[in-house]
Amino acid sequence: MTPHEASTETESPAISADPRADGSSNMLLCLQLTSGYGAQPGSWRAPGANPSSYTDMDQFVRYAQAAERGKIELLFFADTPALDVNLEHEAPHFAIDPLLVLTAIARETERIGLVTTSSTTFNEPYNLARQFKALDVISHGRAGWNAVTTSNAAAAANFGRSVPPRTEKYQRADEVIQAVQALWGSWERDAWVRDVAGKRFADMSKIQPINMRGRHVASRGPLPIPPSEQGQPVVFQAGGGGHGLELAARYASGVYANPFTIEEGQAHRAALRRAAERAGRNPDEVKLFAGFMPSVAPTRRAALDRRRRLDESVDLGQRVTYLGAMIGLRLSPGQLDEPLTARQLADASPNPADPRSARALEVAHEGWSLRDVLAHGVIDYHPVVSGTAADVADHMQRWFEAGACDGFSLAIDVYHDGIDAFVDEVVPLLQRRGLFHKDYEGSTLRDHLGAPAQYGLDPRLAGTALVSR
């Protein structure tokens, strides 16, 4: 399609099905929620958006209920315990406190999973175990913990510490997750007897200390919280590299990843499944969510115009320079509203160190102005599709059926109207194509993910434990 052709709202022909190696037929969907505005920096200024969404719990609840209407499996709040943006012109990237926001959402939703990040580097196991199991009980078994290490020096300074070496961070993370899971299981499933006549609240023989001590953390326990309907929260992971892969393979049921191509997604998913098998787990227990940034509109031109308006909040001159570095050209902001010349296109080449650069050059070859090339999201941190609902569904189908992911972590451009557009326009297409379920099959997050039952430590991992009684 050239820049002068506008796509219509009609659905693209369904892509032929390609059965996946693990036999699964339904993709999983996760909706990312940040500070209440959207994934794009200008989302807080979008027409009709509530500029007070950052502290408006009713707004978060509305978004969550829309996602639940679309049968999306879970919500996800990323988090870093530090201010990492200049608030002069940009909204915060993270919620005021994800656990508290999720608790507010839990009381106004029924089925959707509730997942957030909390650092293993700057938190103690007992606090983590207590907070997440409390959310799990409050939500009737819908909580998940994205257990990640922290590399942000500003976050470390907030705790009066420095960032530890990478190996040490992951050693600590391994111990923290084990201690947290042991604490979750320290109140046994049938310990809460509630015998009014016999004046017996609980069986204390089934609520016992864990007495775990490792090189980096320790906890006595027990945790005074009974099990939820799913037993205990589900563990997620989002770390990269070999250390992150091994941690995810041992403990995670869901993994957030950032592949930019189908081939990268296939390689990451295959490596994750092999690592899970080495850890003694069924690789089908671990689901990979690929980050994806859809912008839905009636036509591609309308979607690009939507993103162009959002780009008004960023320094496009700096982005043009960055785009040039991606494709091997010295570009000037003065060319922002012009396409690349024939000579520039002949001289351009993708940067082999940047997986986004091939897509950037592909879009440039279509003849778009540099402003529109940027509006395609070619320098965003996830793949972007700006177009019709069918364009978005086609992208998701290609990736899913190629085995590049088990589902998607959706970073919607503007929550105010973008979540409803995805739920009301894209989800029905995925359902008609047999790619996404039409209703929740269960009531807990484990049900949604097909994750096996677990209470306390996973007995299959006992031989690899770094902390001991």
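Here we come to the overall build of the protein chain. Looking only at helices and strands, one finds 15 helices and 11 strands in the protein chain. By the compact-globule yardstick of 23 Å for 469 residues, the protein chain fits well, its C-alpha radius of gyration being 23 Å. On the principal axes, the C-alpha backbone points of the protein chain span a range of 80 × 45 × 45 Å. Burial status across the protein chain gives 55% buried among its 469 residues. The contacts in the protein chain between residues at least 6 apart in sequence include a share of 79% that link residues at least 24 apart. Only carbon and sulfur atoms are counted for the fraction: they give 50% of the accessible area of the protein chain, which is about 19800 Å². Here the protein chain holds 48 positive side-chain charges and 57 negative ones, and the gap between their average locations is 6 Å.

It is worth spelling out the nonpolar core at this point. Membership of the largest hydrophobic core comes to 86 residues, with the highest contact counts inside it found for Leu29, Ile105, Trp145, Met396 and Phe408. Looking at this core element by element, the count peaks at 9 residues for helix 14 (residues 415-432). When sequence neighbours within four positions are dropped, the list of residues in contact with Met396 reads Met27, Leu29, Phe292, Phe408, Leu410, Phe422, Val426 and Leu430. With 24 residues, the next largest nonpolar core counts Leu336, Ala348, Leu361 and Val378 among its residues.

Before going further, it helps to spend a moment on the environment of Thr388. Structurally, Thr388 is set in the loop between strand 10 (384-387) and helix 13 (389-401). On the basis of relative accessible area, Thr388 is assigned to the buried category, the value being 2%.

Turning to the layout of surface pockets, a few remarks are in order. One water molecule sets the probe size; rolling that probe over the atoms shows where empty space is left. Counted as a void, the second largest pocket has a volume near 660 Å³. Taken together, 25 residues line the second largest pocket, and the ones lying closest to its centre are Arg359, Val384, Val385, His395 and Arg398. Counting residues per element, the ones that place at least two in the lining of the second largest pocket are helix 11 (357-365), strand 10 and helix 13. Among the elements that line the lining of the second largest pocket, the one with the most residues is helix 13, at 5 residues.

Moving on, we get to the pairing of strand 1 (residues 28-32). Within strand 1, 5 of the 5 residues are buried, which leaves the element mostly enclosed by the surrounding structure. Residue alternation in strand 1 divides its side chains into two sets, Leu28, Cys30 and Gln32 and Leu29 and Leu31, and both sets are buried. Of the pairings in the sheet, the one linking strand 1 to strand 11 (residues 407-410) comprises 4 bridges and is parallel in character. Counterpart to Cys30 in the pairing with strand 11 is Ser409.

Let's shift gears to helix 11. If you check which residues of helix 11 are buried, you get Ser357, Ala360, Leu361, Val363 and Ala364. For helix 11, the buried positions fall inside an angular range of 160° around the axis, keeping them on one side. Where helix 11 is buried, its residues contact helix 9 (316-327), helix 10 (342-347) and helix 12 (370-375).

When you line up the elements, Ala364 lands in helix 11. Judged by its relative accessible area of 5%, Ala364 falls in the buried class. Along the sequence, Ala364 and Ser119 sit 245 residues apart, while their C-alpha atoms lie 40 Å from each other. Discounting chain neighbours no more than four positions away, the residues touching Ala364 are Leu340, Leu345 and Val373.

So, about the packing of aromatic side chains. On inspection of all chains with the given rule, the structure shows 12 aromatic pairs. With centroids separated by 5.9 Å and ring planes inclined at 40°, the aromatic side chains of Phe132 and Trp145 adopt a geometry described as tilted. Of the two residues, Phe132 is situated in helix 3 (residues 125-138) and Trp145 in strand 4 (residues 143-148); the sequence distance between them amounts to 13 residues. The class for Trp145 is buried, based on a relative accessible area of 0%. Here the aromatic residues Phe76, Phe236, Tyr256 and Phe289 are joined through ring pairs into a cluster of three or more.

One pass over the structure, following the stated rule, counts 1 cavity of 30 Å³ or more. Looking at the largest cavity, its volume works out to about 90 Å³. In terms of lining residues, the largest cavity is bounded by 14 residues, among which Tyr251, Ser253, Arg281, Arg446 and Gln454 are the most central. Its residues placed into classes, the lining of the largest cavity shows 6 nonpolar, 3 polar and 5 charged.

A few words on the pattern of salt bridges. Proximity of charged atoms lets side chains of opposite charge pair with each other. Considering all chains together, one arrives at 27 salt bridges under this definition. For Asp417, the salt bridge identified is with Arg306, shortest N-O distance 2.7 Å. Remark: Arg306 occurs in helix 8 (residues 300-310) and Asp417 occurs in helix 14; sequence separation between them is 111 residues. A relative accessible area of 34% places Asp417 in the partly exposed class. Overall, the relative accessible area of 14% leaves Arg306 in the buried class. Salt-bridge contacts for Asp337 lead to Arg371; the nearest nitrogen and oxygen are separated by 2.6 Å. Within this pair, whereas Asp337 is found in the loop between helix 9 and helix 10, its partner Arg371 is found in helix 12, the two being separated by 34 residues in sequence. Via salt bridges that share partners, Arg62, Arg69, Asp420 and Asp424 belong to a single interconnected network.

Calculation criteria
- Residues numbered from 1 in each chain as written.
- Predicted model: local features only at pLDDT ≥ 70, side-chain atom pairs only at ≥ 80, totals over all residues.
- Heavy atoms only, no water.
- Helix = DSSP H or I, 4+ residues; strand = E, 2+ residues; numbered from the N terminus.
- Rg over C-alpha atoms; globule rule 2.2 N^0.38 Å.
- Buried < 20%, exposed > 50% of the residue type's maximum accessible area, 1.4 Å probe, protein only.
- Contact = heavy atoms within 4.5 Å.
- Areas by Shrake-Rupley, 256 points an atom, 1.4 Å probe, with all protein chains shown as cover.
- Lys, Arg positive; Asp, Glu negative; His and termini not counted.
- Charge placed at Lys NZ, Arg CZ, Asp CG, Glu CD.
- Core = buried A, V, L, I, M, F, W, Y, C linked by side-chain atoms within 4.5 Å.
- 1 Å grid on protein atoms, 1.4 Å probe; cavity = no way out; pocket = protein on both sides within 12 Å on 5 of 7 lines; lining within 4 Å.
- Points joined across faces, edges and corners; volume = space filled by probe spheres on them.
- Pairing = 2+ DSSP bridges.
- Arc of directions from axis to C-beta.
- Phe/Tyr/Trp six-rings, centres within 6.5 Å; stacked < 30°, edge-to-face > 60°.
- Nonpolar A, V, L, I, M, F, W, Y, C, P; charged D, E, K, R; others polar.
- Salt bridge = Lys/Arg side-chain N within 4 Å of Asp/Glu carboxyl O.

Purely spatial values, then, with no claim about function.
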